[in-house]
Amino acid sequence: MDRLASMAVFVKAVDLGSFAAAAAALDLSGPMVGKHVRFLEERLHVRLLNRTTRRQSLTDFGRAYYERCRIVLAEAEAADALAADQLSEPRGKLRVAMPSLFGRRCVLPILLELARQYPGLELDLSLGDTITDLAEQGSDLAIRTGFLEDRTGLIARRVARQRMVVCAAPSYLARHGEPRRIEDLAAHPAIIYHRSGRIRPWLFPLGQERPAEFMPKGRFLLNDLDAVADTAEAGMGLAWLPSWLVRERLQAGTLVKLLPEQPDFLYDAYALWLETPHLPLKVRVTVDALAAALPAMMA
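Quick summary incoming for the structure in this document. (Residues numbered from 1 in each chain as written. Predicted model: local features only at pLDDT ≥ 70, side-chain atom pairs only at ≥ 80, totals over all residues. Heavy atoms only, no water.)

## Things to note about the packing of helix 8 (residues 225–233) against helix 9 (residues 243–252)
Line of reasoning, step 1. For the pair helix 8 and helix 9, the least separation of the axes is 11 Å and the interaxial angle reads 30 degrees. Taken together, the axis directions place helix 8 and helix 9 in an arrangement best described as roughly parallel. At the point where helix 8 passes helix 9, the crossing takes the right-handed sense. Across from Leu225, Asp226, Ala229, Asp230 and Glu233 in helix 8, the residues of helix 9 making contact are Leu245, Val246 and Arg249. (Axes fitted to C-alpha atoms, helices over the stretch in contact; angles between N-to-C directions. Helix = DSSP H or I, 4+ residues; strand = E, 2+ residues; numbered from the N terminus. Parallel < 35°, antiparallel > 145°, perpendicular 65-115°, else oblique. Left-handed = near helix turned anticlockwise from the far one by under 90°. Contact = heavy atoms within 4.5 Å.)

## Focus on the side chain of Gln262
Line of reasoning, step 1. One can find Gln262 in the loop between strand 13 (256–257) and strand 14 (265–274).
Line of reasoning, step 2. A relative accessible area of 17% places Gln262 in the buried class.
Line of reasoning, step 3. At 3.0 Å, the side chain of Gln262 and the backbone oxygen of Pro205 are in polar contact.
Line of reasoning, step 4. Filtering out sequence-adjacent residues up to four positions away, Gln262 remains in contact with Ile182, Phe204 and Pro205. (Buried < 20%, exposed > 50% of the residue type's maximum accessible area, 1.4 Å probe, protein only. Polar contact = N/O pair within 3.5 Å; in protein donor to acceptor, adjacent residues only side chain to side chain.)

## Some points on the packing of helix 5 (residues 100–117) against helix 10 (residues 281–298)
Line of reasoning, step 1. Packing of helix 5 against helix 10 brings their axes to within 10 Å, and their N-to-C directions diverge by 130 degrees. The angle between the axes of helix 5 and helix 10 places the two elements in the oblique class. Here helix 5 runs over helix 10; the crossing is right-handed. Residues Phe102, Arg105, Cys106, Val107, Ile110, Leu111 and Leu114 of helix 5 form the contact with helix 10, whose own contacting residues are Val285, Thr286, Ala289, Leu290, Ala293, Leu294, Met297 and Met298.
Line of reasoning, step 2. Split by residue class, the contact of helix 5 with helix 10 holds 13 nonpolar, one polar and one charged. (Nonpolar A, V, L, I, M, F, W, Y, C, P; charged D, E, K, R; others polar.)

## Quick look at the packing of aromatic side chains
Line of reasoning, step 1. This structure, assessed with the given rule, holds nine aromatic pairs.
Line of reasoning, step 2. Clustering of aromatic rings is evident, with ring pairs tying together Trp202, Phe214, Trp240, Phe265 and Tyr267.
Line of reasoning, step 3. Seen from the ring of Phe19, Arg51 lies directly overhead, with NZ or CZ sitting 3.8 Å from the centre. (Phe/Tyr/Trp six-rings, centres within 6.5 Å; stacked < 30°, edge-to-face > 60°. Lys NZ or Arg CZ within 6 Å of the ring centre and 35° of its normal.)

## A word on the nonpolar core
Side chains of nonpolar character tend, in soluble globular proteins, to be buried together.
Line of reasoning, step 1. Of all hydrophobic cores here, the largest spans 43 residues; its most connected members are Phe102, Leu141, Ile143, Leu241, Leu290 and Leu294.
Line of reasoning, step 2. The element contributing the most residues to this core is helix 10, with eight residues.
Line of reasoning, step 3. Beyond its immediate stretch of four places on either side in the chain, Leu294 contacts Phe102, Cys106, Ile110, Val159 and Ala160. (Core = buried A, V, L, I, M, F, W, Y, C linked by side-chain atoms within 4.5 Å.)

## Side note on the environment of Ala168
Line of reasoning, step 1. Within the secondary structure layout, Ala168 lies in strand 6 (residues 154–168).
Line of reasoning, step 2. For the pair Ala168 and Glu113, spaced 55 residues apart in the sequence, the C-alpha separation amounts to 34 Å.
Line of reasoning, step 3. If near-sequence neighbours (up to four positions away) are discounted, Ala168 is found in contact with Leu173, Gly237, Leu238, Leu255, Val256 and Leu258.

## Details of the pattern of salt bridges
Line of reasoning, step 1. A complete count under the given rule lists 14 salt bridges for this structure.
Line of reasoning, step 2. Across the salt bridge formed by Asp230 and Arg249, the nearest N and O atoms sit 2.8 Å from each other. Residue Asp230 is located in helix 8, and its partner Arg249 is located in helix 9; the two are separated by 19 residues in the primary sequence.
Line of reasoning, step 3. Residue Arg249 is classed as buried on the basis of its relative accessible area of 16%.
Line of reasoning, step 4. With a shortest N-O distance of 3.3 Å, Asp264 and Lys257 are connected by a salt bridge. (Salt bridge = Lys/Arg side-chain N within 4 Å of Asp/Glu carboxyl O.)

## Some thoughts on helix 2 (residues 19–26)
Line of reasoning, step 1. All buried positions along helix 2 are accounted for by Phe19, Ala22 and Ala23. Angular distribution of buried residues about the axis of helix 2 spans 100 degrees; they occupy a single face of the element. The exposed residues of helix 2 that point more than 90 degrees off its buried face are Ala20, Ala24 and Ala25.
Line of reasoning, step 2. Residues of helix 2 that are buried make contact with helix 1 (3–16), helix 3 (30–44), strand 1 (49–51) and strand 2 (56–58).
Line of reasoning, step 3. Following helix 2 by one or two positions, Asp27 has its phi on the positive side, about 60 degrees. (Arc of directions from axis to C-beta.)

Following this line, the structure appears as structure tokens:
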């Protein structure tokens, strides 16, 4: 007999609680279900089930073997689905949660290009800075930047690294001078980005050591990075921002990059999805597209 088929019959008998129920579900006879279970027991030289005329129960070994069989069967289904994926295109609804600004500026163009490439793909996008629970929200994929505080039950793949720069307007520097070292930042007002009520320190790499931290202080607290850049461009203080966000302003000269001798801190951007034996094609194609296109946008 086929061992994988017998495992599937055994798991079904345990799940449904009887040989008769498994037989009905699998369109087999009751004796054939028993034959599959006996085949496994004889092969293993161990009893899997204790059966009476009224009930059945797993032996201690049978319970452990049942759990392993479920994993093996799930992996077998995933392998079959992987082969099927090679012959198909991503389709169906793709639910993605992402930060508002990073999502709109960097992620959305890549997803729209995917939608053009694959007409069967539907996009259901949620843009917001509140961190959502993938299972609770029913999302296939989440894009997050910065440190991942909790990865329980999740798979994370880094898809890009965003370079953080300290910058200010020429008008501000003309009035207050230009900081040359990290220590000089304390003498200047900062335009502070805060999300979910938290103010995070500005970080600066120090070789193999822990990054140097500078806690910004200033009159302006904003929860929108574009607004932080606008306020810095208006000459109201220093800002610590992703280089992709201020690239055009730096090129135009309306903002100036400071601390040129100091290496820029790199914030990771991740794609996250729930642990699963088989990653759906629509999710895998999307993650691969992000990993291929985002680094060039972050450069």
